[in-house]
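A structural walkthrough
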Amino acid sequence: MSFLFSSRSSKTFKPKKNIPEGSHQYELLKHAEATLGSGNLRQAVMLPEGEDLNEWIAVNTVDFFNQINMLYGTITEFCTEASCPVMSAGPRYEYHWADGTNIKKPIKCSAPKYIDYLMTWVQDQLDDETLFPSKIGVPFPKNFMSVAKTILKRLFRVYAHIYHQHFDSVMQLQEEAHLNTSFKHFIFFVQVSWALLTSVCFDLDLLGLVALIRAMSYLYM
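Because the structure is a prediction, the values reported are computed rather than measured.

**Section: the overall build of the protein chain**
Counting secondary structure elements, the protein chain contains nine helices and two strands. Sequence-ordered secondary structure for the protein chain, helices as α and strands as β, is α-α-α-β-β-α-α-α-α-α-α. Taking all 221 residues of the protein chain together, 51% fall into the buried category. The long-range fraction of contacts in the protein chain, counting pairs at least 24 apart against all pairs at least 6 apart in sequence, stands at 74%. Surface exposure of the protein chain reaches about 10800 Å², of which carbon and sulfur atoms provide 53%.

Dropping the structure here:
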């Protein structure tokens, strides 16, 4: 949600993904923004009564892409080939990139390169009308939930990298409140929408963010 961020956060890493005005998904986004604006994050992630779960997942996935896009955009000057030669979340864990299409075998790369690959890949998924249909009456594909889960798991890695490698820079920029609110929103959404957190709990343990997640969201286990 754009109102979570200050004017300093207007820089984005990739072009913002817009939901067409006048569409039902745009109305869902405005509903979510209004609820989130009330300060009740748990309520903001609940599926509105009578709405389609796939459409709700799609709207929020686009929104988290935009949020992370803005968050990472604020610290790109600190995340460089020299400062982050590998995509890591702490000294013991690193990620190698593969998308299964253009890069089938995982490759080791710098954090900025990895995040560029990741965000470009997510953007391509969101722009694919066969995966994320924006027109009323066009059905979501059978593999939509699987694709959305993969997108959110990969977006989580950007949060993890920012927290582990760049939180000092985030604090210097006085953006920690925006980062924390966005991450808390993300975790609440994942908890409520799926048992997705269960399937990635080992990743979360390895990344050392479980304590943070529990503190921020009172993780239901």
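**Observations regarding the side chain of Thr61**
Its place among the elements puts Thr61 in helix α3 (residues 53–73). Within the structure, the side chain of Thr61 is placed 2.7 Å from the backbone oxygen of Ile57, a separation counted as a polar contact. Once you skip the residues sitting within four places of it in the chain, Thr61 turns out to touch Leu126, Phe132, Ala148, Ile151 and Leu152.

**Some details on the pattern of salt bridges**
Here the structure, examined in full by the defined rule, presents one salt bridge. Between Lys108 and Glu94 there is a salt bridge whose closest N-O contact spans 4.0 Å. Note that Lys108 is positioned in the loop between β2 (94–95) and α4 (111–127) and Glu94 in strand β2, a separation of 14 residues in sequence. With a relative accessible area of 55%, Lys108 lands in the exposed category.

**Examining the packing of α3 against helix α5 (residues 144–172)**
Orientation of α3 relative to α5, taken along the N-to-C sense of each, is 25°, at an axis distance of 10 Å. Considering their axes alone, α3 and α5 lie roughly parallel with respect to each other. Judged by the twist between their axes, the crossing of α3 over α5 is left-handed. From α3, Leu53, Asn54, Ile57, Ala58, Thr61, Phe64, Phe65, Gln67, Ile68, Leu71 and Tyr72 reach across to α5, where they touch Phe144, Met145, Ala148, Ile151, Leu152, Leu155, Val158, Tyr159 and Ile162.

**Remarks on the UniProt feature "binding site: Zn(2+)" (unreviewed entry) in the protein chain**
Look at the UniProt record and you will see "binding site: Zn(2+)" (unreviewed entry) annotated at Cys79, Cys84, His161 and His166. These residues run over 88 residues, yet every pair of their C-alpha atoms falls within 9.9 Å of each other. Tracing the sequence through the fold places Cys79 in the loop between α3 and β1 (87–88). For Cys79, a relative accessible area of 3% puts it in the buried group. Not counting chain neighbours up to four residues away, the residues in contact with Cys79 comprise Tyr72, Cys84, Ala111, Pro112, His161 and His166. Position of His161 among the secondary structure elements: in helix α5. Leaving out residues up to four positions away in the same chain, His161 has contacts with Cys79, Cys84, Met87, Ser88, Ala111, Ile115 and His166.

**What about α3?**
With 21 residues, α3 should cover 30 Å at 1.5 Å per step; its first-to-last C-alpha distance of 30 Å lies within 8% of that length. Taking burial as the measure, the 21 residues of α3 include 19 buried ones, the bulk of the element. Two to three positions downstream of the cap, the backbone nitrogen of Asn54 sits 3.2 Å from a side-chain oxygen, assigning the N-cap of α3 to Asp52.

**A look at the packing of aromatic side chains**
The geometry of an aromatic ring pair comes down to the distance between the two centres and the angle between the two planes. Under the criterion given, the structure shown has 14 aromatic pairs. Relative to Tyr117, the ring of Trp97 has its centre 6.3 Å away and its plane inclined at 5°; by these criteria the two rings are stacked. Here Trp97 is found in the loop between β2 and α4, whereas its partner Tyr117 is found in helix α4, with 20 residues between them in sequence. Taking relative accessible area as the criterion, Tyr117 reaches 26% and is therefore assigned partly exposed. Their ring planes at 25° and their centres at 6.5 Å tell us that Phe156 and Phe186 sit as a pair that is stacked. Separated by 30 residues along the polypeptide, Phe156 in helix α5 and Phe186 in helix α6 (residues 176–193) bring together distant segments of the chain. When its relative accessible area of 7% is taken as the criterion, Phe156 is described as buried. A relative accessible area of 3% means that Phe186 is categorised as buried. Three or more aromatic residues joined by ring pairs make a cluster, and in this case those are Phe64, Phe156, Tyr159, Tyr163, Phe167, Phe183, Phe186 and Phe189.

Reading the values: the criteria
Residues numbered from 1 in each chain as written. Predicted model: local features only at pLDDT ≥ 70, side-chain atom pairs only at ≥ 80, totals over all residues. Heavy atoms only, no water. Helix = DSSP H or I, 4+ residues; strand = E, 2+ residues; numbered from the N terminus. Buried < 20%, exposed > 50% of the residue type's maximum accessible area, 1.4 Å probe, protein only. Contact = heavy atoms within 4.5 Å. Areas by Shrake-Rupley, 256 points an atom, 1.4 Å probe, with all protein chains shown as cover. Polar contact = N/O pair within 3.5 Å; in protein donor to acceptor, adjacent residues only side chain to side chain. Salt bridge = Lys/Arg side-chain N within 4 Å of Asp/Glu carboxyl O. Axes fitted to C-alpha atoms, helices over the stretch in contact; angles between N-to-C directions. Parallel < 35°, antiparallel > 145°, perpendicular 65-115°, else oblique. Left-handed = near helix turned anticlockwise from the far one by under 90°. UniProt positions renumbered as here; feature names shortened; annotations may be inferred. Expected span 1.5 Å × (residues − 1). Phe/Tyr/Trp six-rings, centres within 6.5 Å; stacked < 30°, edge-to-face > 60°.

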